[in-house]
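Fold and contact review
If you want the building blocks of each chain, they are given just below.
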Amino acid sequence: DMQRQLLPVVRTNSRRMENLLSDFSVLNKLRAGVLQIKPKLDTFKNVAMMVQKRAEPQEAELGRVLNVDVPTGLPMLQTDGEHLSMAVHKLVENGLRYSPAEGGHVDLTAAADGSTVVISVSDNGIGMTPEEITKLGKPFFRADHDAVRAYKGSGLGVAIAYMLIASLGGQIRVESTPGKGTRWVIRMAGMGVR
């Protein structure tokens, strides 16, 4: 009985260790400039579906919701969809983790601005101060907040997202208010409207 009770803890810690090793590997490859980027024509709708699938375990574990609203007909992307979905998922994961236990949610949307695809990841979580925003993208940075300390994170997720988006030729900016949530905006050059 005791072994059965401890099995979920072992499983959770094993998953956390596997994710940490994967993050270190990606970060090291990005820093060394050896991460293989394999661009091909893709739609952001496909990328969003990959993000949604990646986020399902966190949604279930945390009891929070990811809402995805990506219209068809957006400009095509010449990108590495796997790496773009990894970057967007890192932002979604943060939003799910640091949103309220009751009614916590993250909204993933996209729109066209001419031939540019504008991706938005918004949450109703703890938000960030202007000082914390200036430190984003630095590996191992974690905000000094009770909700952040409550989760055993590495401080690599946002840094990886920033570096991946830059490697894919995209731009990222953030808007955040303490206690009211955060909105990440990613701009990716598209191939024209379909």
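Scroll up to find the structure.
Residues numbered from 1 in each chain as written. Predicted model: local features only at pLDDT ≥ 70, side-chain atom pairs only at ≥ 80, totals over all residues. Heavy atoms only, no water.

So, about the pattern of salt bridges. Per the stated rule, a full pass over the model turns up eight salt bridges. Across the pair Glu82 and Arg54 runs a salt bridge whose closest N-O atoms are separated by 2.4 Å. Here the residue Glu82 occupies a position in helix α3 (residues 81-97), and Arg54 occupies one in helix α2 (residues 44-62), the gap between them amounting to 28 residues. Its relative accessible area of 26% is what places Arg54 among the partly exposed residues. When the shortest N-O distance is used, the salt bridge between Glu131 and Lys135 registers 3.5 Å. Taking relative accessible area as the criterion, Glu131 reaches 53% and is therefore assigned exposed. Looking at Lys135, the relative accessible area reads 31%, which means it is partly exposed. Through salt bridges that share partners, Arg173, Glu175 and Arg183 make up one connected network. (Salt bridge = Lys/Arg side-chain N within 4 Å of Asp/Glu carboxyl O. Helix = DSSP H or I, 4+ residues; strand = E, 2+ residues; numbered from the N terminus. Buried < 20%, exposed > 50% of the residue type's maximum accessible area, 1.4 Å probe, protein only.)

Strand order in the open sheet formed by five strands is β2-β4-β5-β7-β6, with mixed pairing between adjacent strands. Both outer strands of the open sheet, β2 (65-69) and β6 (171-177), are each paired with one neighbouring strand and no more. Put simply, the sheet's adjacent strands are angled 15 degrees from each other on average, direction ignored. Bridge count for β6 against strand β7 (residues 181-189) is seven bridges, and the pairing is antiparallel. Within β7, the position partnered with Ile172 by the bridge is Ile186. (Pairing = 2+ DSSP bridges. Axes fitted to C-alpha atoms, helices over the stretch in contact; angles between N-to-C directions.)

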